[in-house]
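Working through the structure, step by step
Chain by chain, the residues:
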2 protein chains.
Amino acid sequence: MSLLVVGTVAFDSIETPYGKVDQVVGGAATYISLAASYFTNQIKLVSVIGDDFPKETLDDLTSRGIDLEGLQIRQGEKSFFWAGKYHNDLNTRDTLVTDLNVLADFDPVLPDTYTAVDYVMLGNLTPAVQRRVLDQLTHRPRLVAMDTMNFWMDHALDELLDVLKRVDMLTINDEEARQLTGEYSLVKAAQRILTMGPHILVIKKGEHGALLFLKDQDDEELHIFYAPAMPLMDVFDPTGAGDTFAGGMIGYLAQTDDLSFDNLKRALVYGSAMASFCVEKFSIEKLTELDVPQILERIERFRRLVHFDRENA
Amino acid sequence: MSLLVVGTVAFDSIETPYGKVDQVVGGAATYISLAASYFTNQIKLVSVIGDDFPKETLDDLTSRGIDLEGLQIRQGEKSFFWAGKYHNDLNTRDTLVTDLNVLADFDPVLPDTYTAVDYVMLGNLTPAVQRRVLDQLTHRPRLVAMDTMNFWMDHALDELLDVLKRVDMLTINDEEARQLTGEYSLVKAAQRILTMGPHILVIKKGEHGALLFLKDQDDEELHIFYAPAMPLMDVFDPTGAGDTFAGGMIGYLAQTDDLSFDNLKRALVYGSAMASFCVEKFSIEKLTELDVPQILERIERFRRLVHFDRENA
């Protein structure tokens, strides 16, 4: 199945307790597309960059089945740039620089070949841009997923709530779910969000894993599934982990084209597996060197991590 | 199998966003014993109280198979008292009052019928008291488990490390595991702790669940299992949840007398189930009104929460 990915393609400078990298490739759409490329080679990317982006990276993306027809390249301008420094716990970070550059007036234009896709992943961007993408679709996709962040809740809540009405699945972190609903209990927050548009909700909890909520569209019953994060010896760089998680999840759904709760659960585990790889190296490095057997081996580690028999054999 | 439980039996005054209770029954040994009493009726409690403790509570404990021969009752003195107020997130709390009272000079004396027990749970107490209990055992138990807290790391680290050498299993929270080892990664922290004495380690993460680590005594391999906390609509009172978790776990082990990794996993889930009940009401209330079918139903909910099939059926 085809997958439309919208989001940033950018440069990052990152400092973690394990080291420091300057001007490396980053961006939500980059991480989402790379993670999804292990599951489908019909990925259509929508983003904007300057003329400063390395041709080899773009060629790499193309070679992985990522269609760049929707990637605008602005001559004489610079790509979006973010610099951040992670604290020792790697759960919190300070943003040092945010240079919007080409992103400041980004108007996503979908090529004709993009308007009838099966799956859509709207990466974290201003809600107005996310809406503009949906407005250009000529066919209702099988699934529209979106990511967002607290910044838009603070600065563009009405537009955010507007886009939310038009999506099937939202990915959001636990603090954002609480902020969006005013509910501390994640179960109550989920119930509220599932009245705002989406019927599938993924609450990301970083090193504590992720919760999947599905509101059954027939009987309104709330189904809950939990996937842990893999306990790792070292997390080198958490940048992009949430996007990689979303990319693995939506990529697996596009591959299997099965939106049953059982398959959504598997998709959540595939997303967790891809995220667990992402953090093992800086930038997108690990996401460009994986193979399917490694991914399947990690899925099996996830299964063993949580599997128990109710009774003594 | 018999189970020796050492810890506080106390009064608590608790304020949470859901209400306030004064001078209710609390204490680590109370929660541990009550949770374990659903699995074994051979519980031998060691603690100390004043003459202010309600006889009905003691009768309740006795009727649940909890032997109180080792409970010292000091005439003219008052029981240990703790008062605390939880913040809105229920993950953090302020201690308002700690009156040690009878606990200040507690010298645990084991009755003769207590010295050859099968399982031991040393609740959080000063390490010197925990050691005194171990010194009085005439037979090596099948399993000695202990709980502790950051206070003893700050104030009695040498004694703590000393007791640690003599136990099989440690339960500790994530921040304490990091403090004890100086390692941020919980996998690295676990590896360090598993060289300090215990070969089984449970790292409690509150609303984020618990991790079980077993160092195989033959091949030194590290086995990891993760049990989530049950996502709940409301958490009324987190007091005693960690002790209830430990009590459910050790009680299940005493019932099944099987220390295989598969059974330790089940024990972790039983502990999580008991803790998920504990927080649904104030004080020990919920722990006195459960029945086995309710517990089994919750175990099934835990299984469904994490179970996934690797492949499409």
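As the structure is a computational prediction, the values presented were derived from the model and not from experiment.

In this section: the overall build of chain A. Within chain A, the regular secondary structure consists of 10 helices and 13 strands. In terms of overall dimensions, chain A is globule-like: its C-alpha atoms have a radius of gyration of 18 Å, near the 20 Å expected for 313 residues. Structurally, chain A occupies a C-alpha span of about 65 × 45 × 35 Å along its principal axes. Counting every position in chain A, which comprises 313 residues, the buried fraction comes to 48%.

Moving on, we come to helix H9 (residues 261-278) of chain B. A rise of 1.5 Å per residue sets the reference length of H9(B), with its 18 residues, at 26 Å; its end C-alpha atoms lie 26 Å apart and thus fit the reference within 8%. In terms of residue burial, H9(B) counts as a mostly covered element, since 15 of its 18 residues are buried.

Listed as interface residues are 33 residues of chain B and, on the opposing side, 33 residues of chain A. When contributions to the side of chain B that touches chain A are tallied by element, the ones reaching two or more residues are helix H7 (186-193), strand E13 (222-227), H9 and helix H10 (292-306) of chain B. Broken down by element, the residue count for the side of chain B that touches chain A peaks at five residues, all from H9(B). The class makeup of the residues in the side of chain B that touches chain A is 16 nonpolar, six polar and 11 charged.

Attention shifts here to the relation of the copies chain B and chain A. Look at the two chain copies: a rotation about an axis and a shift along it is all it takes to match them. Turning chain B through 180° and shifting it by 0.0 Å along the axis lays it on chain A, with an RMSD of 0.0 Å. Read as a symmetry element, the transformation amounts to a two-fold axis. Most of the interface of chain B is mirrored in chain A, where 100% of its interface residues again form contacts.

The next thing to look at is the packing of helix H1 (residues 28-36) of chain A against helix H8 (residues 241-256) of chain A. All names here are of chain A. Contact pair H1 / H8: the axes reach a minimum separation of 7 Å and the direction vectors enclose 40°. Here H1 is positioned oblique relative to H8, judged by the angle of their axes. Of the two elements, H1 crosses H8, and the hand of that crossing is right-handed. Along the contact surface, H1 presents Ala 28, Tyr 31, Ile 32, Ser 33, Leu 34, Ala 35 and Ala 36, while H8 presents Asp 243, Thr 244, Ala 246, Gly 247, Gly 248, Ile 250, Gly 251 and Ala 254. Looking at the contact of H1 with H8 residue by residue, the classes come out as nine nonpolar, five polar and one charged.

All right, on to unusual backbone geometry then. Its identity as a non-glycine residue notwithstanding, Glu220(A) has a phi of 65°, on the positive side. Along the chain, Glu220(A) falls in the loop between strand E12 (210-215) and strand E13 (222-227). Taking the C-beta count within 10 Å as the criterion, Glu220(A) has 9 such neighbours and is therefore assigned exposed. Residue Asn101(B) is not a glycine yet carries a positive backbone phi of 50°. With respect to the helices, strands and loops of the structure, Asn101(B) is situated in the loop between strand E7 (93-99) and strand E8 (119-122). We classify Asn101(B) as partly exposed; it has 19 C-beta atoms within 10 Å.

With that settled, the discussion passes to the packing of helix H3 (residues 127-135) of chain A against helix H5 (residues 157-164) of chain A. All names here are of chain A. Where H3 contacts H5, the axes come no closer than 9 Å and their chain directions differ by 30°. Classified by the interaxial angle, the pair formed by H3 and H5 is roughly parallel. You can see that H3 and H5 cross each other, and the crossing is left-handed. Here Pro 127, Ala 128, Gln 130 and Arg 131 of H3 come into contact with H5, specifically with Glu 159, Leu 160, Asp 162 and Val 163. Partitioned by chemical class, the residues of the contact of H3 with H5 number four nonpolar, one polar and three charged.

Residues and elements named next belong to chain B. In this model, helix H8 (residues 241-256) (16 residues) spans 22 Å end to end at C-alpha, consistent with the 22 Å of a helix rising 1.5 Å per residue. Counting buried residues in H8 gives 14 out of 16 residues, a clear majority hidden from the surface. Count one or two residues on from H8 and you reach Asp 257, which has phi positive near 45°.

On to the sheet that holds strand E7 (residues 93-99) of chain A. Residues and elements named next belong to chain A. Across the sheet, which stays open at both edges, the four strands sit in the order E3-E2-E6-E7 with mixed pairing between neighbours. Two strands close off the open sheet at either side, each with one partner strand: strand E3 (19-26) and E7. Strand-to-strand twist in this sheet, taken as the mean axis angle between neighbours without regard to direction, amounts to 15°. Where strand E2 (residues 10-16) meets strand E6 (residues 80-86), six bridges bridge the pair, whose relative direction is parallel. Residue pairing across strands places Asp 12 opposite Trp 82, the latter belonging to E6.

Residue and element names in this part refer to chain B. Structurally, the position occupied by Glu 183 is in the loop between helix H6 (174-181) and H7. C-beta crowding within 10 Å serves as the criterion here: with 17 such atoms nearby, Glu 183 is assigned to the partly exposed category. Along the sequence, Glu 183 and Thr 16 sit 167 residues apart, while their C-alpha atoms lie 32 Å from each other.

This next bit is on the pairing of E2(A). Residue and element names in this part refer to chain A. Counting buried positions along E2 gives five out of seven residues, so the element sits mostly inside the fold. As judged from the six bridges shared by E2 and E3, these two strands associate in the antiparallel manner. When the sheet's bridge partners are listed, Glu 15 is paired in E3 with Lys 20.

Residues and elements named next belong to chain A. In space, the nine strands of this open sheet follow the order E5-E4-E1-E8-E9-E10-E11-E12-E13, with mixed pairing throughout. Each edge of the open sheet is held by one strand with a lone partner, namely strand E5 (66-74) and E13. Sheet twist, expressed as the average angle between the axes of neighbouring strands with direction ignored, equals 15°. Relative to E5, strand E4 (residues 43-50) runs parallel, the two being bridged by seven bridges. If you follow Lys 44 over to E5, its bridge partner there is Asp 67. Lying on the sheet, H8 is in contact with strand E1 (3-6), strand E8 (119-122), strand E9 (143-147), strand E10 (169-173), strand E11 (200-204) and E12; it crosses E8 at an angle near 170°.

A few words now on the confidence of the model for chain A. Per-residue pLDDT for chain A averages 95, and the proportion of residues at 70 or more is 99%. With pTM at 0.95, the complex prediction returns an ipTM value of 0.92.

Residue and element names in this part refer to chain A. Looking at the secondary structure, you find Ile 73 in strand E5. For the pair Ile 73 and Ser 63, spaced 10 residues apart in sequence, the C-alpha separation works out to 18 Å. Ile 73 has contacts with Ile 49 and Asp 51, leaving out every residue within four places of it along the chain.

This next bit is on the environment of Thr95(B). Residue and element names in this part refer to chain B. Considering the arrangement of structural elements, one finds Thr 95 in strand E7. Once the C-alpha coordinates of Thr 95 and Ile 14 are considered, the two residues, 81 residues apart in sequence, prove to be 9.6 Å apart. Those residues in contact with Thr 95, other than ones at most four positions away along the chain, are Trp 82 and Gly 84.

Here is what the cut-offs are and how they apply
- The numbers attached to residues start from 1 for each chain and follow its sequence in the written order.
- To read the labels, note that chains go from A and ligands from 1, taken in the order they are written.
- Local features are withheld for residues below a pLDDT of 70 in this predicted model, meaning they are given only at 70 or higher, and side-chain atom pairs are given and counted only at 80 or more; totals for whole chains, interfaces and linings count all residues.
- Strands here mean DSSP runs of E at least two residues long; helices mean DSSP runs of H or I at least four residues long; both are numbered from the N terminus.
- Using C-alpha atoms as the atom set, the radius of gyration is obtained and then compared with a globule rule of 2.2 Å times the number of residues to the power 0.38.
- The exposure scheme places C-beta atoms from the backbone and then counts, for each residue, the other C-beta atoms within 10 Å of its own, assigning buried at 20 or more, exposed at 12 or fewer, and partly exposed in between.
- Between the first and last residue of a helix there are one fewer steps than residues, each counted as 1.5 Å, and that sum is the expected span.
- The contact criterion used is a C-beta to C-beta distance within 7 Å, with each C-beta placed from the backbone.
- Charged means Asp, Glu, Lys or Arg here, nonpolar means Ala, Val, Leu, Ile, Met, Phe, Trp, Tyr, Cys or Pro, and polar covers whatever is left, Gly included.
- Our superposition of the copies is a least-squares fit, built on the C-alpha atoms of residues whose pLDDT is at least 70 in both.
- Inter-axis angles, ranging from 0 to 180 degrees, are taken between N-to-C directions of lines fitted to C-alpha atoms, where helices are fitted over the stretch in contact.
- By the definition adopted for this analysis, an angle is roughly parallel if under 35 degrees, roughly antiparallel if over 145, roughly perpendicular if from 65 to 115, and oblique otherwise.
- Take the far helix as your reference; a near helix turned counterclockwise from it by less than a right angle gives a left-handed crossing, and one turned clockwise gives a right-handed crossing.
- When DSSP locates at least two bridges between a pair of strands, those strands are taken to pair.
- Confidence per residue, as judged by the predictor, is encoded in pLDDT with a range of 0 to 100.

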